[in-house]
Amino acid sequence: LIPNKDALIIYISTDLVYAGDKPPYSEESECNPICVYGCTKLAAEKVLQSRWKHQVSLRSALEYGPPCRTSGRTCFVQFFESALANGTPLSCFDDEFRSLLFVGDMAEYMYAMAQRFIDMGVPP
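Quick notes on the rules
Residues numbered from 1 in each chain as written. Predicted model: local features only at pLDDT ≥ 70, side-chain atom pairs only at ≥ 80, totals over all residues. Heavy atoms only, no water. Helix = DSSP H or I, 4+ residues; strand = E, 2+ residues; numbered from the N terminus. Rg over C-alpha atoms; globule rule 2.2 N^0.38 Å. Lys, Arg positive; Asp, Glu negative; His and termini not counted. Charge placed at Lys NZ, Arg CZ, Asp CG, Glu CD. Buried < 20%, exposed > 50% of the residue type's maximum accessible area, 1.4 Å probe, protein only. Salt bridge = Lys/Arg side-chain N within 4 Å of Asp/Glu carboxyl O. Pairing = 2+ DSSP bridges. Right-handed = clockwise from strand over helix to strand, strands pointing away.

The next thing to look at is the overall build of the chain. Helix and strand content of the chain: three helices and four strands. Computed over its C-alpha atoms, the radius of gyration of the chain comes to 17 Å, more than 25% above the 14 Å expected for a compact globule of 124 residues. Based on the C-alpha atoms only, the size of the chain along its principal axes is roughly 55 × 35 × 25 Å. In the chain, the 11 positive side-chain charges and the 15 negative ones have mean positions that sit 10 Å from each other.

By secondary structure assignment, the location of Lys41 is in helix H1 (residues 36-51). For the buried Lys41, no salt bridge exists, and the shortest N-O distance to an oppositely charged side chain is 7.9 Å, to Glu45.

Two elements, strand S1 (residues 8-14) and strand S2 (residues 54-60), share seven bridges in a ladder whose sense is parallel. Bridge assignment links Ser13 to a residue of S2, and that residue is Arg59. In terms of handedness, the path from S1 via H1 over to S2 forms a crossover that is right-handed.

Listed below in structure tokens is the structure:
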């Protein structure tokens, strides 16, 4: 399979491409990941930028939503809910602030982005 280099690619990246010490962040903010996950996501962004004419990296925050219909995997919301319901002690970080993003909202943003590019003549 040879990809169409003129097609739009929307890449799901992460806000962990930023160090986390100078919020709030925008597209113009300096990337300085401090974990392997952030480093690999930033590296993938750069590969896409160098190889595709029409690409967008969506640097999402901490996503939450209902359990996955196919795998049953849950997100942190269900994890916390279960632990609280069962009286299970939780050990949480206290040195990090994260923004939450509902998966349904992220899907709507991605659709709107794709539609905007299609309206400009970029092939899907």
